[in-house]
Amino acid sequence: MSQPQPDSVIDSELEENKPGLASSRASVQKSEVSATIHDTSRPPTARVENADRQQAPAAPGDFPEGGWAGWLTVAGAFLIQMTGFGYTGSYGVYQDFYTRVYLSNESSSAISWIGSINAYLVIASGLLAGRLYDRGYFYYLLYGGSLLLAFSLFMLSLAKPDQYYQVFLSQGVGVGLGAGMMYIPSVAVVSQYFHKRRALAMTIVASGSSLGAIVHPIMLNNTLNDPKIGFAIATRANAGMISGLLLIACVVMRTRTTQVRTPPPLWSSAKRFVKDGAYVFTAIGMTVFALGFYFPLFYIQLDALTHGLDKTFSFYSLVILNACSFLGRLSPGFFANKLGVENITVVSTFVCAVLILGMIGLSSVASVVVIGIIYGFFAGTYIAMLAPLLAHLTDDMSELGARMGLAFALCGFGTLVGTPIDGALLTGDYIWWRPALFSGLMAFLGTASFATSIVLLRRRRLRRRATEDAAANEKA
């Protein structure tokens, strides 16, 4: 960021008033950093945090493009996505179970608020989490988010039937905040290790949520609906699995550098970001597209059941969708650099919009399978491209956390209201064409915003190239 650090201001004053002292002071700082690292009288966390804060970010050419620390961090971020956003993507199981059994006195719209609040907080918390990450608080976010997520899931197991507020507070608010504290930092930290292979690394991380959205529904459908197990034990078993995976993630993830510059106020950053047209339309596209994106994820299982399809098959409809989403998240990382991250984003959102409208005709096993496979693949591709797209639009990587946080916070509003609107349009009579039409139209508007972003991005590149060519001609 452009604001100077207090230390750099002091250095400049020393250099101006007392020549030679600035260089001496720099030597003292290096000695202090070394002493901090080797000082065994302080707790390890304090030593690492203090040392990290005095290190400058790596130069663009210094990225290791992997290594043990890099790939272990990718693995840890993969597990965080699996336990956080992957759990959120499995809410369709709860939507069905709560509507039919556990919260049967509540409407579909009211029940969907639990999942939408959860998804909103996972995404919108990035506004604060991204700035804290930029300030060097990665480990606090990682450990604190893990503890809150695990605690909230165990509290969910204590929720009683038809006690809506208990489920809402634990699953909607607690789990959402816990996962949200880790979501943006776990993606952004990967950029410290990769530059050329950043899209590949980030798509691997993003695929974790799809794997989670496969594992969680299978586990939950086979335990929640078993009368011998019941809601409490099923939820505790799921919470135990998630807690174990989070513990592994906390052990293996490490930062390479921590930003030392204090970010400017959020409003100051936002005013600067608004001048970037490509970024603005990308954020708008994410927000509008989110209004329709979650409709299949939340409702395809209930949709299949209400159309009289086999109960066992209906339980696995969400698994089919998320299994293909897993493939969709992994695939683009291998050719994103050739085809262009922004081009893949537009194509995937367009196909998703078409498939959402196609849910109007969902009535048979074949239609569920076709929609689940194709929508799952391209929905996974879209999610995998979001982080690389925002990184692609960011010239100064020290702003990546703030840019991602702001964009995802705006996107969270679409996530928040989209599925409750779907539930209200669905009504207790299950009129499926209404929410499908609404969600499909919103998805098409999101696609149009992403396409506009591409146009603006290409114009910016042309202007930059023209400026560089003019400067080269002047030197010649």
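The text that follows walks through the structure, step by step, so that each part is easy to find. (Residues numbered from 1 in each chain as written. Predicted model: local features only at pLDDT ≥ 70, side-chain atom pairs only at ≥ 80, totals over all residues. Heavy atoms only, no water.)

## Here we look at the nonpolar core
The tendency in soluble globular proteins is for nonpolar side chains to be buried side by side.
Then, in step 1: Formed by 115 residues in total, the largest nonpolar core has its most connected members in Tyr 94, Tyr 98, Met 286, Phe 293, Tyr 375 and Phe 408.
Then, in step 2: The element that contributes the greatest number of residues to this core is helix H19 (residues 365-392), accounting for 12 residues.
Then, in step 3: For this core, the domains that each give at least three residues are domain 1 (63-254) and domain 2 (266-475).
Then, in step 4: Each residue touching Tyr 375, except ones within four places of it in the same chain, is listed here: Phe 293, Pro 296, Leu 321, Cys 352, Leu 355 and Ile 356.
Then, in step 5: Residues Ile 117, Leu 121, Ala 124 and Leu 416 belong to the second largest nonpolar core, which totals five residues. (Core = buried A, V, L, I, M, F, W, Y, C linked by side-chain atoms within 4.5 Å. Buried < 20%, exposed > 50% of the residue type's maximum accessible area, 1.4 Å probe, protein only. Helix = DSSP H or I, 4+ residues; strand = E, 2+ residues; numbered from the N terminus. Domains from an automatic or database assignment. Contact = heavy atoms within 4.5 Å.)

## Here we look at the packing of helix H11 (residues 198-224) against H19
When two helices pack together, their arrangement is given by the angle between the helix axes and by the axis-to-axis distance.
Then, in step 1: Relative to each other, H11 and H19 sit at 140°, their axes nearing to 8 Å. Classified by the angle their axes make, H11 and H19 are oblique. In the packing of H11 onto H19, the handedness of the crossing is right-handed. Seen from H11, the contacting residues are Arg 198, Ala 199, Met 202, Thr 203 and Ala 206; seen from H19, they are Ile 383, Ala 384, Met 385, Ala 387, Pro 388 and Ala 391.
Then, in step 2: Here the contact of H11 with H19 is built from residues that sort into nine nonpolar, one polar and one charged. (Axes fitted to C-alpha atoms, helices over the stretch in contact; angles between N-to-C directions. Parallel < 35°, antiparallel > 145°, perpendicular 65-115°, else oblique. Left-handed = near helix turned anticlockwise from the far one by under 90°. Nonpolar A, V, L, I, M, F, W, Y, C, P; charged D, E, K, R; others polar.)

## Examining the environment of Leu 141
Then, in step 1: Mapped onto the fold, Leu 141 is located in helix H9 (residues 138-156).
Then, in step 2: Given the relative accessible area of 6%, Leu 141 is considered buried.
Then, in step 3: Taking the C-alpha atoms as reference points, Leu 141 and Ile 184, separated by 43 residues in sequence, lie 10.0 Å from one another.
Then, in step 4: Those residues within four positions of Leu 141 in sequence are excluded, and the remaining contacts are Ala 129, Leu 132, Tyr 133, Met 181, Met 182 and Pro 185.

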